[in-house]
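Architecture and fold: a report
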Amino acid sequence: GIFNQGKMPRATKHTAAVLTLGGLSSGVGTYNLASGELISAVQNIGMAGNGTLNQSGGSNNVASLNLGMLAGGVGTYNLSNGGLTVTAESIGVAGSGTFNQTGSSHQVVSLSIGSEYGSSGTYNLSAGSLNALAETIGVAGEGRFAQSGGTNTASVVTLGGQDGGLGFYTLGNGAILSADTEHIGPNGVGVFEQNAGTNTVGTLTFGQQSSGGGGFY
């Protein structure tokens, strides 16, 4: 199924307690947000099936945003314009999730990429801004953050948060990363590769626990 918001001349407001795209394993759901407001307590993009949310305008305010909720679920969020505000965001909960940001502003309190064991999550930032209180890339699964542009500002960035977690961060081109603290492989495995761009950090740690291991290249 496909839902288009904002195709009418007048901006619209859509409120849904729970929004699910691709609920069943065979399901495919797409939400196109071009203007107006989308407000939800929970958004599951790719619950057990395939779900995609394309935001080219308007605003999306959600308490809990999940991409690839269950094993086998595939969720994709494409953000090019407008504004996205999230309290708790997980890219690849137990399934697979991908977030592509090519512009716009993304505000989030807690961002997790590759949450559970066996999950995978990817965040591609090429333009726009991401502001987070905490970013954990590779919580217990595999998480990747590829930044080729834009700005990423966070209080804490963690790669390989838990034992078994794999976190990878690639920084290139004119991309800007600014964090108060960066933990590279505190409990899991973390790899940070900087080919270009700017990384400004207050405190940098590697492999804090016996199960952890971190590398900066």
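Residues numbered from 1 in each chain as written. Predicted model: local features only at pLDDT ≥ 70, side-chain atom pairs only at ≥ 80, totals over all residues. Heavy atoms only, no water.

Re the overall build of the protein
Scanning the protein for helices and strands turns up zero helices and 15 strands. The C-alpha atoms of the protein give a radius of gyration of 17 Å, which matches the 17 Å a tight globule of 217 residues would have. In terms of its C-alpha atoms, the protein occupies a principal-axis envelope of roughly 55 × 35 × 25 Å. Relative to its full complement of 217 residues, the protein shows a buried share of 48%. Residue pairs in contact within the protein that sit at least 24 positions apart in sequence constitute 50% of those at least 6 positions apart. About 8600 Å² of surface is accessible on the protein, with carbon and sulfur atoms providing 54% of the total. Side-chain charges in the protein split into 4 positive and 9 negative, and the spacing between the mean points of these groups amounts to 22 Å. (Helix = DSSP H or I, 4+ residues; strand = E, 2+ residues; numbered from the N terminus. Rg over C-alpha atoms; globule rule 2.2 N^0.38 Å. Buried < 20%, exposed > 50% of the residue type's maximum accessible area, 1.4 Å probe, protein only. Contact = heavy atoms within 4.5 Å. Areas by Shrake-Rupley, 256 points an atom, 1.4 Å probe, with all protein chains shown as cover. Lys, Arg positive; Asp, Glu negative; His and termini not counted. Charge placed at Lys NZ, Arg CZ, Asp CG, Glu CD.)

Brief notes about the packing of aromatic side chains
For any pair of aromatic rings, the description rests on two quantities: the centre-to-centre distance and the angle between the ring planes. A complete count under the given rule lists six aromatic pairs for this structure. For the ring pair Y169 and F192, a centre distance of 5.0 Å and an interplane angle of 5° mean the geometry is stacked. Placement of Y169 in strand 11 (residues 166-171) and of F192 in strand 13 (residues 189-194) is noted, with a sequence separation of 23 residues between them. Across this residue pair, the class does not change: Y169 and F192 are buried. Three or more aromatic residues joined by ring pairs make a cluster, and in this case those are Y77, F99, Y123, F145, Y169 and F192. Over the ring of F168 we find R144; its NZ or CZ atom is 4.2 Å from the centre of that ring. (Phe/Tyr/Trp six-rings, centres within 6.5 Å; stacked < 30°, edge-to-face > 60°. Lys NZ or Arg CZ within 6 Å of the ring centre and 35° of its normal.)

Let's talk about the pairing of strand 3 (residues 28-33)
The buried fraction of strand 3 amounts to five of the six residues, a majority that puts the element mostly inside the structure. In this sheet, strand 3 lies alongside strand 1 (residues 2-5) in parallel orientation, the contact comprising four bridges. When the sheet's bridge partners are listed, F3 is paired in strand 3 with Y31. The sheet contact formed by strand 3 and strand 5 (residues 50-67) spans six bridges and is parallel. Within strand 5, the residue paired with L33 across the bridge is Q55. (Pairing = 2+ DSSP bridges.)

Observations concerning the pattern of salt bridges
Applying the stated rule across the entire model yields one salt bridge. With a shortest N-O distance of 3.0 Å, R144 and E142 are connected by a salt bridge. Look at R144 and you get partly exposed, because its relative accessible area is 38%. On the accessibility criterion, E142 (29% relative accessible area) is partly exposed. (Salt bridge = Lys/Arg side-chain N within 4 Å of Asp/Glu carboxyl O.)

A word on unusual backbone geometry
Despite not being glycine, S104 has its phi angle at roughly 80°, a positive value. Considering the arrangement of structural elements, one finds S104 in strand 7 (residues 96-113). Within the chain, N173 stands out as a residue other than glycine whose phi angle is a positive 55°. By the element assignment, N173 lies in the loop between strand 11 and strand 12 (176-184). Given the relative accessible area of 54%, N173 is considered exposed.

Worth remembering: the numbers are spatial, not functional.
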